[in-house]
Amino acid sequence: MSHLLWGSKETLRNLLCELVSWDSRTLTDGERNFAYRLRDKLYEIEYFQQNPNYVSLHEVDLGRNYVTAFYRNPKVKDTVVLISHFDTVQTEEYGDLEPLAFYPEELTKALRTRKAELPNEACDDLESGEYLFGRGTMDMKMGLALHMSIIEKAIFEQWPINLILLTVPDEEVNSSGMRAAVSGLVQMRDEYDLFYKLFLNGEPSFSQKPGDSKSYIYSGTMGKIMPAALFYGKETHVGEPFKGITAPYISSFLTQLMEWNTLFREKDLGETTPLPVALQQKDLKSQYSTQTPYRSVALYNVFVMKRSASDIMNLFEKVAQEAAAACNASYKTLCQREQLNGVGEIQVLRYEKLVVYAEQKLGKRLVEEIKNEVKENFHWDEREKSLRIADKLLIQCQELAPAIVILFAPPYYPPVNTSHDPLIIDSIKKIKKMANKISMDINHIHYFNGVCDLSYVHYNNHDDGWSAFERNTPVWGETYNIPFKDMMKLQAPVFNVGPFGKDAHQRTERLHIESAFVQTPMMIECLLKNMFTDANTI
């Protein structure tokens with residue numbers, strides 16, 4: 001190889017724009033085709049032409065693949081895995097500019113004629129000329145472009161370290177790509193006798209508040225888990241409201257207690273999780289009628305730092321019992337006022353207990369048939385299927401109602417933090433030293449404040465902390481899995497170093513040009529060379 005394809009800021013920018021132009025919205029043909037286009041792009045590097053088996057596509061699901069590109073130095077075992085995702089969220093919010101959403105140069109130019117439509121901060125950034133707009137520029141095609149350029153440079157300079165570029169689909173919905181890649185990483189480690197030294201992600205640096213222009217590096221990521229509930233009341237005609245109890249009435253008590261509940265707040269290393277909120281609340285009536293809604297569902301978002309799925313289920317059950325007690329008290333007062341007997345007290349039961357009850361009543365075979373019927377509905381995603389399985393089972397066990405069935409719905413991202421690892425501590429020092437030389441403001445955060453594929457490596461909950469998730473997630477098994485045991489085999493520290501940008505998942509998503517094409521490449525090179533070069537030469 002006589003020259004670098006992506007060794008300058010101009011060629012790196014061209015690479016980014018090409019990757020962004022490959023529309024890869026989650027669950028579209030673009031996402032399915034992206035892996036093949038990327039494989040062809042990587043083959044432009046002479047090393048991969050000579051070693052074509054070092055670029056591989058690996059099946060995930062639904063016709064999607066994750067991609068690995070392996071730079072192998074057979075003299076060493078130390079290996080860094082460069083992690084990114086190539087799917088993006090949808091683009092409807094661009095309106096009539098949607099055809100330009102995946103063409104950063106053209107979109108940025110077009111937005112200059114639409115300044116009045118932009119928020120003040122986005123307008124200022126546009127006028128500054130320091131940002132490139134477009135879907136996927138920040139989140140996270142730039143991370144992939146950076147990893148492609150760094151593996152090319154390692155090959156060109158024959159670095160004494162192994163690099164695995166790993167880029168996956170479906171980070172934005174269920175992280176199906178990364179969950180599938182975990183076992184593949186274990187297999188690569190064993191096949192090539194590698195020692196994983198670091199898992200390096202390229203998610204972008206997010207501003208911590210409006211107007212924040214600092215760049216951040218992250219030595220961990222918050223976890224995310226989704227407690228969910230099925231509310232089952234008693235149906236009636238609206239003309240006879242006291243003969244039933246509506247599910248929305250029951251659900252209102254739990255949602256009020258779950259939203260912003262400080263019981264779920266965690267603090268670690270001076271940082272704090274956002275408080276829980278409801279992500280969805282709806283009844284399950286398929287059409288309008290004068291029958292009251294007696295079945296409804298809700299999903300709640302909970303961030304975690306150290307708590308396991310078992311910890312969260314215990315807390316959720318406690319809150320659900322408080323909600324049921326409050327609902328029962330309110331309902332009792334109503335019945336006394338109206339001189340009614342009522343339809344009974346609301347009880348709380350975990351999904352796992354509902355399954356045991358249903359199997360005893362219906363038999364295991366019928367319960368499995370009910371589950372499979374729901375799982376085979378391709379119109380429902382994993383969250384809807386989870387809720388519908390609980391619903392179908394409780395319909396067959398209505399004697400348990402009125403009730404709140406508590407469960408988990410996918411996805412689940414375990415928390416990870418390696419801030420105290422000596423390699424991470426040393427790497428942070430080196431990056432800050434380098435940043436200081438170029439007058440760059442870089443700051444360290446212990447937990448990435450969003451979902452991140454790093455959640456699926458360095459899992460160290462060696463007890464049965466995940467068992468509550470398995471037992472209380474209705475789609476666990478064929479439809480949704482987390483490879484906990486293989487995750488525990490990937491114990492290298494984690495780090496996230498990516499470019500600065502703003503407004504991910506918004507119409508004004510944009511990437512800071514200097515950060516992306518100058519500063520972050522320097523940081524990543526500094527970080528990796530620190531692993532095999534004397535510290536005084538960095």
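A. Region of the structure containing the overall build of the protein chain. When you go through the protein chain residue by residue, the secondary structure sums to 16 helices and 21 strands. Over its C-alpha atoms the protein chain spans a radius of gyration of 26 Å, differing by no more than 12% from the 24 Å that the globule rule assigns to 538 residues. The proportion of buried residues among the 538 residues of the protein chain is 57%. Taking all contacts inside the protein chain whose residues are at least 6 apart in sequence as the whole, residues at least 24 apart take part in 79%. Entry remark: accessible area of the protein chain is about 22200 Å², with carbon and sulfur atoms responsible for 47%.

B. View of the pattern of salt bridges. This structure, assessed with the given rule, holds 41 salt bridges. Linked through salt bridges whose partners overlap, the residues forming this network are Glu121, Asp125, Lys502, Asp503 and Arg510.

C. Summary view of helix H16 (residues 513–529). With 17 residues, H16 should cover 24 Å at 1.5 Å per step; its first-to-last C-alpha distance of 24 Å lies within 8% of that length. The principal kink in H16, of about 40 degrees, is found at Gln519, preceding the proline Pro521 by one to four residues. Summarising burial for H16: 13 of the 17 residues are buried, a large majority.

D. Local environment of the packing of helix H13 (residues 422–437) against H16. Between H13 and H16, the shortest axis-to-axis distance is 9 Å and the interhelical angle comes to 140 degrees. Here H13 lies oblique to H16, going by the angle between them. The handedness of the crossing between H13 and H16 comes out as right-handed. Counting all contacts with H13, which are made through Ser427, Lys430, Ile431 and Met434, the residues of H16 involved are Met522, Met523, Cys526 and Leu527.

E. Quick look at the layout of surface pockets. Empty space within the largest pocket amounts to approximately 880 Å³. Glu172, Gly450, Val451, Ala504 and His505 are the residues nearest the centre of the largest pocket, which is lined by 35 residues in total. Looking at the lining of the largest pocket residue by residue, the classes come out as 15 nonpolar, 9 polar and 11 charged. Each pocket or cavity is described by its volume, and for the second largest pocket that value is around 650 Å³.

F. Representation of the pairing of strand S10 (residues 227–232). Most of S10 sits out of view: 6 of its 6 residues are buried. Residues Pro227, Ala229 and Phe231 of S10 are buried on one face, and the alternating residues Ala228, Leu230 and Tyr232, pointing to the opposite face, are buried as well. Alignment of S10 against strand S16 (residues 403–408), held across 6 bridges, turns out to be antiparallel. Its bridge partner being in S16, Leu230 is matched across the sheet by Val405. Two elements, S10 and strand S14 (residues 295–304), share 5 bridges in a ladder whose sense is antiparallel.

G. A look at helix H9 (residues 309–338). In a regular helix each residue adds 1.5 Å, so 30 residues correspond to 44 Å; H9 covers 42 Å between its end C-alpha atoms and thus fits that length. Just downstream of H9, Gln339 is the residue with a positive phi angle, here 55 degrees.

H. Layout of the sheet that holds strand S3 (residues 78–85). Overall, mixed pairing links the 8 strands, which are arranged S1-S2-S5-S3-S6-S19-S7-S18 in an open sheet. Sheet topology places strand S1 (55–59) and strand S18 (442–445) at the edges, where each strand pairs with a single neighbour. In this sheet, neighbouring strand axes are inclined to one another by 25 degrees on average, regardless of whether the strands run parallel or antiparallel. Direction of pairing for S3 relative to strand S5 (residues 162–168): parallel, over a ladder of 7 bridges. The partner of Thr79 across the bridge, within S5, is Asn162. Against the sheet, H13 touches strand S6 (195–201), strand S7 (215–218), S18 and strand S19 (494–497), its axis set at about 20 degrees to S19. Sheet strands in contact with H16 are S3, S5, S6, S7, S18 and S19, and its direction is about 155 degrees off that of S19.

Definitions and limits used
Residues numbered from 1 in each chain as written. Predicted model: local features only at pLDDT ≥ 70, side-chain atom pairs only at ≥ 80, totals over all residues. Heavy atoms only, no water. Helix = DSSP H or I, 4+ residues; strand = E, 2+ residues; numbered from the N terminus. Rg over C-alpha atoms; globule rule 2.2 N^0.38 Å. Buried < 20%, exposed > 50% of the residue type's maximum accessible area, 1.4 Å probe, protein only. Contact = heavy atoms within 4.5 Å. Areas by Shrake-Rupley, 256 points an atom, 1.4 Å probe, with all protein chains shown as cover. Salt bridge = Lys/Arg side-chain N within 4 Å of Asp/Glu carboxyl O. Expected span 1.5 Å × (residues − 1). Bend = angle between axes of the 7 residues up to and from the residue. Axes fitted to C-alpha atoms, helices over the stretch in contact; angles between N-to-C directions. Parallel < 35°, antiparallel > 145°, perpendicular 65-115°, else oblique. Left-handed = near helix turned anticlockwise from the far one by under 90°. 1 Å grid on protein atoms, 1.4 Å probe; cavity = no way out; pocket = protein on both sides within 12 Å on 5 of 7 lines; lining within 4 Å. Points joined across faces, edges and corners; volume = space filled by probe spheres on them. Nonpolar A, V, L, I, M, F, W, Y, C, P; charged D, E, K, R; others polar. Pairing = 2+ DSSP bridges.

The quantities given are spatial measurements derived from coordinates; they are silent on function.
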